[in-house]
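Understanding the architecture of this molecule
Here is how the chains run, residue by residue.
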Amino acid sequence: MSEVKKLTAPQIEAMKVSGTKITVVTAYDYTFARIFDAAGVDCLLVGDSLGMVIQGRSNTLGVTMDHMVYHTHCVARGAKRAHVVCDLPFMSYQTSISDALRASGQALKQGHAEAVKMEGGEELAEHVRAVVAVGIPVMGHVGLMPQRVQQMGGYKIQGRGREQSRKVLNDAKAIADAGAYALVLEGIPMELAQKITKEVNIPTIGIGSGPHCDGQVLVNYDLLGMFPDLSPKFVKKYASLHQDIDAATRKFIEEVRSGTFPDEAHSYHD
Ligand code: KIV
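Residues numbered from 1 in each chain as written. Predicted model: local features only at pLDDT ≥ 70, side-chain atom pairs only at ≥ 80, totals over all residues. Heavy atoms only, no water.

1. Digging into the sheet that holds strand S6 (residues 182-186)
We apply this condition: Here, any two strands with at least 2 DSSP bridges between them count as paired. Only runs of H or I of at least four residues qualify as helices and only runs of E of at least two qualify as strands under DSSP, and these elements are numbered from the N terminus. Every axis corresponds to a line fitted to the C-alpha atoms, with the helix fit spanning only the stretch in contact, and the corresponding angles, defined between N-to-C directions, vary from 0 to 180 degrees.
With parallel pairing, the 8 strands of this closed barrel are ordered in space as S1-S2-S3-S4-S5-S6-S7-S8. For this sheet, the mean inter-axis angle between neighbouring strands, taken without regard to orientation, is 25°. Taken together, the 4 bridges between strand S2 (residues 43-46) and strand S3 (residues 83-87) define a ladder with parallel strand orientation. Bridge pairing in S3 places Cys43 opposite His83.

2. Here we look at the site of the ligand
Using the following cut-off: Proximity is defined per residue: any heavy atom of the residue falling within 4 Å of a molecule or strand makes that residue near it. Polar contacts, as used here, are pairs of N or O atoms within 3.5 Å; protein pairs need one atom able to donate a hydrogen and one able to accept it. Residues neighboring in sequence count only if both atoms are side-chain atoms. Each residue is assigned to one class: nonpolar for Ala, Val, Leu, Ile, Met, Phe, Trp, Tyr, Cys and Pro, charged for Asp, Glu, Lys and Arg, and polar for all the others, Gly among them.
Looking at the ligand, the residues that line it are Thr26, Leu45, Gly47, Asp48, Ser49, Asp87, Lys117, His141, Ile207 and Val219. Between the ligand and Ser49 there is a distance of 2.5 Å, counted from an oxygen atom to a side-chain nitrogen or oxygen. Here the shell around the ligand is composed, by residue class, of 3 nonpolar, 4 polar and 3 charged.

3. Description of the pattern of salt bridges
The line we're drawing: For salt bridges, the criterion is a side-chain nitrogen of Lys or Arg within 4 Å of an Asp or Glu carboxyl oxygen. Buried residues are those whose accessible area, probed at 1.4 Å on protein chains only, stays under 20% of the maximum for their type, while exposed residues exceed 50% and partly exposed ones sit between those limits.
For the structure on display, the rule yields 13 salt bridges. Notably, a salt bridge pairs Arg102 with Asp99, separated by 3.0 Å at the nearest N-O pair. Remark: Asp99 and Arg102 occur in helix H5 (residues 97-109); sequence separation between them is 3 residues, near one turn of the helix. According to the relative accessible area criterion, Arg102 is exposed, its value standing at 53%. Overlapping salt bridges bring together Lys173, Lys195 and Glu199 as one network.

4. Digging into the domain arrangement of the chain
Note the threshold: Either an automatic procedure or a domain database provided the assignment from which the domain bounds are taken.
The domain boundaries assigned to the chain delineate domain 1 (9-239) and domain 2 (242-270). Spacing between the C-alpha centres of domain 1 and domain 2 amounts to 40 Å.

5. Brief notes about helix H9 (residues 190-199)
Rules: The directions considered for the arc are those from the helix axis to the C-beta atoms. The contact criterion used is simple: two residues touch if any of their non-hydrogen atoms lie within 4.5 Å.
Within the sequence span of H9, burial applies to Leu192, Ala193, Ile196 and Thr197. Viewed end-on, H9 has its buried residues packed into an arc of 135°, placing them on one side of the element. Every exposed residue of H9 that faces more than 90 degrees away from the buried side is listed here: Glu191 and Lys198. Contacts made by the buried residues of H9 are with helix H1 (9-18), helix H8 (162-177), S6 and strand S7 (204-207).

6. Some points on the layout of surface pockets
Inclusion rule: Both cavities and pockets are sets of points on a 1 Å grid over the protein atoms alone; in a cavity a 1.4 Å probe fits but cannot get out, in a pocket the set is open with protein on both sides within 12 Å along at least five of seven lines, and lining residues sit with an atom within 4 Å of a point. Grid points are joined across faces, edges and corners, and a volume is the space filled by probe spheres set on the points.
In this model, the largest pocket occupies a volume close to 1,300 Å³. Those elements giving two or more residues to the lining of the largest pocket turn out to be strand S1 (22-26), helix H2 (30-39), helix H3 (50-53), strand S4 (115-119), S6, strand S8 (215-218) and helix H10 (220-223). Ranked by residue count, the leading element in the lining of the largest pocket is S1, at 4 residues. Roughly 230 Å³ of internal volume is contained in the second largest pocket. No other element matches H8, which puts 4 residues into the lining of the second largest pocket.

7. Digging into the nonpolar core
As a rule of thumb, nonpolar side chains are buried together in soluble globular proteins. Our working rule: The term nonpolar core refers to a set of buried residues drawn from Ala, Val, Leu, Ile, Met, Phe, Trp, Tyr and Cys, joined through side-chain atoms within 4.5 Å.
By size, the foremost hydrophobic cluster in this structure holds 58 residues, and its most contacted members are Leu44, Met118 and Ile196. The element contributing the most residues to this core is H8, with 6 residues. Beyond its immediate sequence surroundings of up to four residues, Ile196 is in contact with Val168, Leu169, Ala172, Leu185, Ile188 and Thr204. Listed in part, the 17 residues of the second largest apolar core include Ala9, Val24, Ala115 and Tyr181.

8. Some remarks on a nonpolar patch on the surface
Heads up, the rule is: The patches reported here contain residues having more than 30% relative accessible area and no salt bridge. Joining distances are 9 Å for like charges and 5 Å for nonpolar side chains (Val, Leu, Ile, Met, Phe, Trp, Tyr). In this description, accessible areas are obtained by the Shrake-Rupley approach with a 1.4 Å probe, and a residue is regarded as covered only by the protein chains that are shown.
Nonpolar side chains collect at one region of the surface, where Phe252, Ile253, Val256 and Phe261 lie side by side and expose about 330 Å² of accessible area between them. Along the chain, Val256 falls in helix H11 (residues 241-258). Classification of Val256 by relative accessible area gives partly exposed; the value is 41%.

9. Comments concerning the side chain of Thr60
Tracing the sequence through the fold places Thr60 in the loop between H3 and helix H4 (65-78). When near neighbours in sequence (up to four residues on either side) are disregarded, Thr60 contacts Asp48, Ser49, Met52, Pro146 and Gln147.

10. Thoughts on the side chain of Asp214
Looking at where Asp214 falls in the secondary structure, it is placed in the loop between S7 and S8. A relative accessible area of 13% means that Asp214 is categorised as buried. Asp214 has contacts with Lys16, Thr20, Lys21, Ile22, Thr197, Ile202, Pro203 and Thr204, leaving out every residue within four places of it along the chain.

Here's what the structure looks like:
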């Protein structure tokens with residue numbers, strides 16, 4: 001049996017040149033990672049969105065490096081081919097270049113990630129440059145940056161209007177010039193995402209940024225339909241797992257109460 005080869009940061013970067021769209025899904029544990037990996041997703045992002053979907057917080061700000069390391073290691077165990085990226089949490093890397101180096105090193109040494117992701121534009125370029133200089137691939141993230149939710153006053157589309165769109169474009173260029181190998185574009189108009197995708201030489205991975213990016217990312221629980229009440233415009237639900245899990249759980253309760261589970265087929269004999 002031939003061994004499955006890991007997708008690397010340079011191979012992800014080269015997909016822009018070959019015109020192969022990059023597929024990214026968030027993952028936070030071994031079981032989901034195995035399923036997404038076997039299905040052929042290119043990259044598993046251990047997003048700090050776990051603060052919301054796993055930990056039940058109202059935003060990502062309380063997530064720590066220890067949380068990220070724990071979940072990244074779980075995901076890494078399930079990824080045979082997919083490239084694994086650890087999202088650096090709020091205030092683990094913004095505070096100084098040495099903190100960015102330390103957090104990135106931890107993500108690779110303890111979390112077994114193959115790259116890190118950082119939110120930020122021009123002001124973060126030197127941090128990215130320093131981390132790349134020691135051999136750690138960095139995925140950038142510009143546009144709507146959830147770690148700046150307090151400053152934005154909510155999760156609002158960024159880069160509308162001439163001044164704001166120029167700012168996002170400059171941020172994207174600064175992060176690409178600093179040596180990032182890929183760039184998440186979150187929550188920006190599709191026309192701006194198209195322009196950035198043309199003007200930077202690294203792949204853009206869109207979320208809520210239209211179809212012209214070099215790849216797309218979705219939070220796995222959104223993609224799988226785990227939140228029936230939450231439907232932002234950019235999310236497409238490819239399954240209805242909330243309903244399926246609800247129905248399965250109700251059936252289990254009913255069968256245990258009625259005594260039809262476990263039956264002979266699910267029981268052992270002496
Ligand atoms: O934390 C996350 O899941 C992310 C993606 C939505 C890009 O940053």
